[in-house]
Structure formats: C-alpha cells, structure tokens
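Read off the chains here:
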Amino acid sequence: MSVERPERGGAWDFRGRLHPEYSPRRDGDPDPGEVVWAWVPFQEDPAQGKDRPIVVIGRDADDAAILVALMLSSKDHDGDHDWLPIGAGAWDGEHRPSWVRIDRPLAVTEDGVRREGAILPKDVFLRIVEQAGRRAVPGGPGAPRPTAPAPAPAKQGLLSRLGRIFRRS
C-alpha cells in the first residue's frame, strides 16, 4: 500500500509489503535489479525534488505495478549508517563511487521512470536488500514490509532468506 503519489509523477515514499526480486532485463522498462532515473521528492519539502538515480529492489506485494526502490547518491556518505557504499558502476557516467540510502524506500510506477541507467551486479543487489532488511522497523517511517515467503525446502535461494530477514523486522 503506497500513499501520497506526487502530482507531477516520479517517486514517493513507500509504505507497504515488499516482494524483493532480482530480474533485470535491458528492454527499456524498469525492472528489479536495475538502476533507473526518476524524480524523487525531498523529505523536507515533498513539493520539491530532483531527478536522480534509484535502484529497484522489488515490487509492492499488493500491487505488482508499483516498483520499490532506494535512492543513490555520489555524495560521500562515509560513516552515515543510513547509507551503504556500493562502489562505482555504469549508472554514473563519471564512474564515481556511489551510496544507497537504505532507510527510505520509495515507490514508483513504470511511467514515473525517466530512463534505465544500468543493471546492478547481483552480489551488490543482494547486499543492498540484506542491509535494507536489517534496517526495516515494523510500522516505522520508511519501513518496507516484505511478503512472508512460503516454507522453502532445505536448499533455498538467497532472496528467500532475505525475505525472512524483512519479515522478522
């Protein structure tokens, strides 16, 4: 359940149940596991914002048309526990080191995305989802609540295990 969609389009703060997934495809459409660009409102004044890169980490469990994302920054956030360093990548034309804000999940529809930037390496994606899951606080501001995965056999994928991390939060 995402609320307060911006009138101008773009991203808004996500409040709902996250279904994390990694399924990037270079097809022109935004997919989980990709860095894309969208207008993101400032927390201090949601009427203002800027176009910025965001990493899509999954979908709203109650509305698959809504993508859930976290914003990226090339500004140095070393020592800030709300930001996770992920290094440089093809999403930044200058190949500057990037940080992901893990405490403010965003929602965006495909129409709110301006362009694809790059596919995030799977190991970096999994680290982002894991760290965001550890930061999630049930009912707290910005806390994504992922769906509870069905019981899995002994050999389960990392995304299933990460779903449990979110569920415990």
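The model shown is predicted, which means the values in this text are computed figures rather than measured ones. (Residues numbered from 1 in each chain as written. Predicted model: local features only at pLDDT ≥ 70, side-chain atom pairs only at ≥ 80, totals over all residues. Heavy atoms only, no water.)

J.: When you look at the overall build of the chain in this model, what are you seeing that I'm missing?
T.: Secondary structure assignment for the chain yields two helices and nine strands. Ordered by position in the sequence, the α and β elements of the chain form the string β-β-β-β-β-β-β-β-β-α-α. The burial tally for the chain puts 47% of its 169 residues in the buried class. Across the chain, every contact between residues at least 6 apart in sequence was considered, and the portion connecting residues at least 24 apart equals 62%. Carbon and sulfur atoms form 49% of the exposed surface of the chain, whose accessible area is close to 8600 Å². (Helix = DSSP H or I, 4+ residues; strand = E, 2+ residues; numbered from the N terminus. Buried < 20%, exposed > 50% of the residue type's maximum accessible area, 1.4 Å probe, protein only. Contact = heavy atoms within 4.5 Å. Areas by Shrake-Rupley, 256 points an atom, 1.4 Å probe, with all protein chains shown as cover.)

J.: Explain unusual backbone geometry to me, please; I cannot follow it from the model alone.
T.: What is expected of a backbone is that most residues other than glycine have negative phi and most peptide bonds are trans. In this structure, H95 takes a positive phi of about 55° despite not being glycine. The residue H95 is located in the loop between β6 (83-87) and β7 (98-101) in this model. You can call H95 exposed: its relative accessible area is 52%.

J.: In this structure, what is going on with the pairing of β7? I would like to understand it.
T.: Every other side chain in a regular strand lies on the same face of the sheet, so the side chains alternate between the two faces. Burial along β7 is two-sided: the residues S98 and V100 and W99 and R101 are all buried. One ladder, built from two bridges, connects strand β5 (residues 63-73) with β7; its direction is antiparallel. Looking across to β7, one finds that S73 is bridged to W99. Bridge count between β6 and β7: four bridges; the pairing is antiparallel. In the strand pairing of β7, W83 is matched with R101. (Pairing = 2+ DSSP bridges.)

J.: Explain the environment of G49 here, please?
T.: Position of G49 relative to the elements: it lies in strand β4 (residues 49-60). Overall, G49 belongs to the partly exposed group, its relative accessible area being 23%. Separated by 39 residues in the primary sequence, G49 and G10 have C-alpha atoms spaced 9.7 Å apart.

J.: Is there a simple way to think about the nonpolar core in this case?
T.: For soluble globular proteins, nonpolar side chains are generally found buried alongside one another. Core analysis: the largest hydrophobic core is formed by 24 residues, its most contacted members being V55, I57, I86, V100, L120 and I128. If you list the elements that add at least two residues to this core, you get β4, β5, β6 and α1 (122-135). Broken down by element, the residue count for this core peaks at six residues, all from α1. When neighbours within four sequence positions are excluded, V55 is seen to be in contact with E34, V35, V68, A69, L70, L72, V100, L120 and I128. If you look at the next biggest cluster of nonpolar residues, it comprises 14 residues, including I54, V56, W83 and V108. (Core = buried A, V, L, I, M, F, W, Y, C linked by side-chain atoms within 4.5 Å.)

J.: Hey, could you run me through the layout of surface pockets in this one?
T.: Roughly 220 Å³ of internal volume is contained in the second largest pocket. Lining the second largest pocket are 14 residues, and of these F42, R52, M71, W83 and R101 lie nearest its centre. Put simply, the parts of the chain that give the lining of the second largest pocket at least two residues each are β3 (34-41), β4 and β5. Here the lining of the second largest pocket is composed, by residue class, of five nonpolar, three polar and six charged. (1 Å grid on protein atoms, 1.4 Å probe; cavity = no way out; pocket = protein on both sides within 12 Å on 5 of 7 lines; lining within 4 Å. Points joined across faces, edges and corners; volume = space filled by probe spheres on them. Nonpolar A, V, L, I, M, F, W, Y, C, P; charged D, E, K, R; others polar.)

J.: I'm lost on the environment of V56 in this one. Help?
T.: Position of V56 among the secondary structure elements: in strand β4. The exposure class of V56 is buried, given its relative accessible area of 0%. Along the chain, V56 and D31 lie 25 residues apart, while their C-alpha atoms are 6.6 Å from each other.

The values reported here are purely geometric and, on their own, carry no functional implication.
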